[in-house]
Amino acid sequence: MPLNTLYKGRRRLRVLIILCLLLPGLLFVARVKPGPVYWVDLYWTVLLERGWVDPGSDRFPWTVAVDWSPDGAALVTAGYYPDVLQWDPRSGELIRRLRGHRTWVQEVIYSPDGRHIASVDWDGVIIVWQASSGRIVHRLEADKDLFTVSFQPSGNRLAAGSYLGRVTVFDLETGSVVARFTSNPGGTLFLSYAPDGGRLAVAGEDASIHLLDASSFKPLFTLKGHTAGITSLSFTADGSKLLSCGDDGTARLWDGRERLLQRTWATGARWVNFCTLLPGGEQFLTGDTNGEVRLWSTGSPAPGRVLLRHDDWVQCVRATRDGTRFASVGKAGQIKIYDLAGEKLLRTLEVAPHVR
């Protein structure tokens, strides 16, 4: 066989092999159309699975979620490591390590009555824990790539959303699936029940907030205005207003009943990873990719005031139920606890020593 024919044959074979390897990924991208949040998480997923980074080392304590117990006596955090960590915020001591996930955890929250903790991981596993003991109450399965979870205020149901753009709702008495439906094309990034439990707000990469009836799951209306994925939602206590923020670098306040956009704030950050309204609904907090936690007034267009800075991105910031303190966490693996009344940093906790 002539050498040039042999060479051409081998070259065609190489091209064919490369196309076969690339085709599934190209089809996936065409179907999902992932946005910036997805690519950040996909990047770290590849690094973790191939062993190129050690999530237990002090170089990789990326923490993405934090929540307070209703009485403010405990904190729970989670991130790109399998364990969920429960803390005493006053002493800074680790209360317990909740073990049950096999991969990293994207979100963790307390139930409204404080009896349970729910966490979701990238493999599609939802674990409901007994908060007082760390015992696993339910181990539930939904779509892979879970991003978000929310307890219905009655505590009887739990909703979880995935980057596949679907929501799964569970009955917590039986652990059975109540409903499963498509919510946000391109990915569901955050969901939240209204305080009265009658509505479920779902937001994601389609830059829209979808309000659904929490019993029938029928669409009520859609709020549009963001120009990129929405990463966080927060209702006022009476459910009349809804705060959102996202990858367009803005925070927006909506009238949740009149379906109107009331105000938009440009934060100066590339992405706003989290926003939360304080009790009363007159102020809110944001955490962003500039590493800043800012305090804003819902009644003013003025820029928010920087309360503290992290060494890297702020991924989540949540206040106590009485609004006197907040905790923020981020890419650098720090937990910062701040006194809002006294306007001072109370404590900084380091995650890295506890996830080795």
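K.L.:
Residues and numbers for the overall build of the protein chain, please.
P.N.:
Summing up its helical and strand segments, the protein chain has two helices and 28 strands in all. Among the 356 residues that make up the protein chain, the fraction classed as buried is 57%. Here the contacts in the protein chain between residues at least 6 apart in sequence split such that 41% fall between residues at least 24 apart. Carbon and sulfur atoms make up 51% of the accessible area of the protein chain, which totals about 15,800 Å².

K.L.:
Let's hear about the sheet that holds strand β12 (residues 177–182): which residues, and what values?
P.N.:
Taken together, the four strands give an open sheet; going across it, the order is β9-β10-β11-β12, and neighbouring strands pair in antiparallel fashion. Strands at the two margins of the open sheet, each flanked by one partner only, are β9 (146–151) and β12. Direction aside, neighbouring strands of the sheet carry axes that sit 15° apart on average. Two elements, strand β11 (residues 166–171) and β12, share five bridges in a ladder whose sense is antiparallel. Looking across to β12, one finds that phenylalanine 170 is bridged to valine 177.

K.L.:
An account of the sheet that holds strand β25 (residues 314–319) is needed here, citing residue identities and associated values.
P.N.:
Pairing within the open sheet is antiparallel, and its four strands lie in the order β25-β26-β27-β28. The open sheet has two edge strands with one neighbour each: β25 and β28 (344–350). For this sheet the average axis-to-axis angle between neighbouring strands, irrespective of direction, equals 20°. In this sheet, strand β26 (residues 325–330) lies alongside β25 in antiparallel orientation, the contact comprising five bridges. By the bridge assignment for β26, alanine 319 is matched with phenylalanine 326.

K.L.:
Quick rundown of the environment of leucine 345? Include the residues and the values.
P.N.:
Its location among the elements puts leucine 345 in strand β28. Judged by relative accessible area, leucine 345 falls into the partly exposed class, the value being 41%. Considering only alpha carbons, one finds leucine 345 and arginine 325, 20 residues apart in sequence, at a separation of 9.6 Å. Those residues within four positions of leucine 345 in sequence are excluded, and the remaining contacts are Leu308, Lys336, Ile337 and Tyr338.

K.L.:
Which residues make up the confidence of the model for the protein chain, and what values go with them?
P.N.:
Interpretation of the predicted coordinates at a detailed level should be avoided for regions scoring low in pLDDT. Summing up the model confidence of the protein chain, the mean pLDDT is 87 and the portion of residues at 70 or higher is 83%. When the criterion is pLDDT under 50, residues 1–15 qualifies, and its contacts beyond four places in sequence or with other chains add up to two contacts. With pLDDT under 50 throughout, residues 21–40 is counted as low confidence; its partners more than four residues away or in other chains account for 23 contacts.

K.L.:
Could you give an account of the side chain of serine 240, with specific residues and numbers?
P.N.:
Here serine 240 shows up in the loop between β17 (230–235) and β18 (241–246). Among the polar contacts listed, one links the side chain of serine 240 to the side chain of aspartate 238, at a separation of 2.8 Å. Those residues within four positions of serine 240 in sequence are excluded, and the remaining contacts are Trp254, Asp255, Gly256 and Arg257.

K.L.:
Please provide a residue-by-residue account of the pairing of strand β16 (residues 219–224), values included.
P.N.:
Bridge count between strand β15 (residues 208–213) and β16: five bridges; the pairing is antiparallel. Within β16, the position partnered with leucine 211 by the bridge is phenylalanine 221. Here β15 hands over to β16 after five residues, with phenylalanine 217 in that stretch at a positive phi of 65°.

K.L.:
Would you mind going over the nonpolar core in detail, with residue names and values included?
P.N.:
Counting 40 residues, the largest nonpolar core has Ile209, Leu242 and Phe326 as its most contacted members. For this core, the element with the most residues is β25, which contributes four residues. Filtering out sequence-adjacent residues up to four positions away, leucine 242 remains in contact with Ala201, Ile209, Leu211, Leu223, Leu233, Ser234, Phe235, Arg252, Leu253 and Trp254.

K.L.:
Any chance you could break down unusual backbone geometry for me, citing the residues and the numbers?
P.N.:
Even without being glycine, aspartate 145 reaches a positive phi, approximately 65°. With respect to the helices and strands, aspartate 145 occurs in the loop between β8 (136–141) and β9. One non-glycine residue, alanine 207, lies in the positive phi region at around 65°. Within the secondary structure, alanine 207 sits in the loop between β14 (199–204) and β15. With a relative accessible area of 10%, alanine 207 lands in the buried category.

K.L.:
Quick one: what's the story with the pattern of salt bridges, residue by residue and with numbers?
P.N.:
According to the stated counting rule, one finds ten salt bridges in the structure shown. Between aspartate 67 and arginine 321 there is a salt bridge whose closest N-O contact spans 3.9 Å. One end of the pair, aspartate 67, is in strand β1 (residues 63–68); the other, arginine 321, is in the loop between β25 and β26, and 254 residues separate them in sequence. One salt bridge connects aspartate 248 with arginine 252, and the closest N-O pair in it is separated by 3.4 Å. For the pair aspartate 248 and arginine 252, a shared accessibility class is recorded, and that class is buried.

What counts and how
Residues numbered from 1 in each chain as written. Predicted model: local features only at pLDDT ≥ 70, side-chain atom pairs only at ≥ 80, totals over all residues. Heavy atoms only, no water. Helix = DSSP H or I, 4+ residues; strand = E, 2+ residues; numbered from the N terminus. Buried < 20%, exposed > 50% of the residue type's maximum accessible area, 1.4 Å probe, protein only. Contact = heavy atoms within 4.5 Å. Areas by Shrake-Rupley, 256 points an atom, 1.4 Å probe, with all protein chains shown as cover. Pairing = 2+ DSSP bridges. Axes fitted to C-alpha atoms, helices over the stretch in contact; angles between N-to-C directions. pLDDT = per-residue confidence, 0-100. Polar contact = N/O pair within 3.5 Å; in protein donor to acceptor, adjacent residues only side chain to side chain. Core = buried A, V, L, I, M, F, W, Y, C linked by side-chain atoms within 4.5 Å. Salt bridge = Lys/Arg side-chain N within 4 Å of Asp/Glu carboxyl O.

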